[in-house]
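Breakdown of the fold
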Amino acid sequence: MATDLIEIDPDQPKSEAIEQAASAVRRGKVIAVPSDALYTLVADPFNLRAVNRVFFAKGREIHRSLPLLVSDITMAEELAKDLSNRFFLLARRFWPGPLTLIVPASERVPLKVTGNTGRLAVRQSKSIVANHLIRVLNQPLISTSANISGHPTCRSGIEVFGMMDSRVDLVLDGGPCSGAGATTVDVTEPMWKVIKQGAIEEKDIAECLQAS
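Below you will find a few notes about this structure. Just so you know, these numbers come straight off a predicted model, no measurement behind them. (Residues numbered from 1 in each chain as written. Predicted model: local features only at pLDDT ≥ 70, side-chain atom pairs only at ≥ 80, totals over all residues. Heavy atoms only, no water.)

Observations concerning the side chain of D44
Tracing the backbone shows D44 in the loop between β3 (39–43) and α2 (48–58). Among buried Asp, Glu, Lys and Arg side chains, D44 stands out as unpaired, with R108 the closest opposite charge at 8.2 Å. A polar contact is formed between the side chain of D44 and the backbone nitrogen of F46, at a distance of 2.9 Å. With residues near it in sequence (within four places) discarded, D44 still touches V25, A50, V51, Q139 and I142. (Helix = DSSP H or I, 4+ residues; strand = E, 2+ residues; numbered from the N terminus. Buried < 20%, exposed > 50% of the residue type's maximum accessible area, 1.4 Å probe, protein only. Lys, Arg positive; Asp, Glu negative; His and termini not counted. Salt bridge = Lys/Arg side-chain N within 4 Å of Asp/Glu carboxyl O. Polar contact = N/O pair within 3.5 Å; in protein donor to acceptor, adjacent residues only side chain to side chain. Contact = heavy atoms within 4.5 Å.)

With respect to the pattern of salt bridges
Opposite charge on two side chains allows them to pair when their charged atoms are near. Tallied over the entire structure, the rule returns eight salt bridges. The shortest N-O distance in the salt bridge between E78 and R108 comes to 3.9 Å. Of the two residues, E78 is situated in helix α3 (residues 73–79) and R108 in the loop between β5 (99–104) and β6 (119–123); the sequence distance between them amounts to 30 residues. Residue classification places E78 among the partly exposed positions, given a relative accessible area of 44%. A salt bridge links K203 to D204; the shortest N-O distance between them is 3.4 Å.

Things to note about helix α4 (residues 85–94)
The set of residues buried in α4 consists of F87, F88, L90, A91 and F94. Its buried side turned inward, α4 meets α3, β5, β6, β9 (183–186) and α7 (202–210).

As for the packing of aromatic side chains
In this structure the tally under the stated criterion is two aromatic pairs. Ring centres of F87 and F88 lie 5.1 Å apart, and the angle between their planes is 80°; on these two criteria the pair is classed as edge-to-face. With a relative accessible area of 16%, F88 lands in the buried category. When the centroid spacing of 5.7 Å and the interplanar angle of 85° are considered together, the rings of F87 and W95 count as edge-to-face. Between R167 and the ring centre of F56, over which it is positioned, the NZ or CZ distance is 5.8 Å. (Phe/Tyr/Trp six-rings, centres within 6.5 Å; stacked < 30°, edge-to-face > 60°. Lys NZ or Arg CZ within 6 Å of the ring centre and 35° of its normal.)

So, the packing of α4 against α7
It is at 10 Å that the axes of α4 and α7 come closest, and there the two elements cross at 120°. What the angle tells us is that α4 and α7 run oblique. Our pair here, α4 against α7, has a crossing hand that is right-handed. Across the interface between the two elements, R86, L89, L90, R93 and F94 of α4 pack against D204, I205, C208 and L209 of α7. Classifying every residue of the contact of α4 with α7 by side-chain character gives six nonpolar, no polar and three charged. (Axes fitted to C-alpha atoms, helices over the stretch in contact; angles between N-to-C directions. Parallel < 35°, antiparallel > 145°, perpendicular 65-115°, else oblique. Left-handed = near helix turned anticlockwise from the far one by under 90°. Nonpolar A, V, L, I, M, F, W, Y, C, P; charged D, E, K, R; others polar.)

Side note on the packing of helix α1 (residues 15–26) against helix α5 (residues 128–137)
Packing of α1 against α5 brings their axes to within 10 Å, and their N-to-C directions diverge by 60°. The orientation of α1 relative to α5 falls into the category oblique. For α1 against α5, the interelement crossing comes out right-handed. Residues I18, E19, A21, A22, V25 and R26 of α1 lie in contact with α5, whose contacting residues are V129, H132, L133, V136 and L137. Here the residues of the contact of α1 with α5 are counted per class, giving eight nonpolar, one polar and two charged.

The following block contains the structure:
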């Protein structure tokens, strides 16, 4: 499988490139796009063939969940159940932005996407490319770091192509990305917990929740 590469302007991507990427997602393909700070692999979470291809592309263990990008809080509500007040406080404060929230998954989400945990990581990104794709497809997208597991996440389309040629179907190359990745917070337990430190500091999370 040869990997295609299309150069884009990440701030003003041409509709033709977005439609080509959307068409690939509709056909169960795995593509790489620039996100807020890093490159991410995106695919259709409701297509189990596509889900399997993401695990293969990354060499990822099947017990690890695949995060999803959403267009807004409403789309997140459709994918989750029993959302806590903490979720809404944090999402309203930090979305769109580099904050991933772990929530209980609804029955709509394939169990394999959750790594058979029944929990889901969701985020609304600032990425113009990712948001255009979500809008065109009118659905959430798998969004996991563009790298082979155990290797650094790629920060440019050329890096993705070099590392993942033949593992992904298409790379939208928007040039280099810079900045910290997303902070991940688990809000499924009685006590919230930072799982991965990123661009948003733990003290900012605490201040947001304490202000409620």
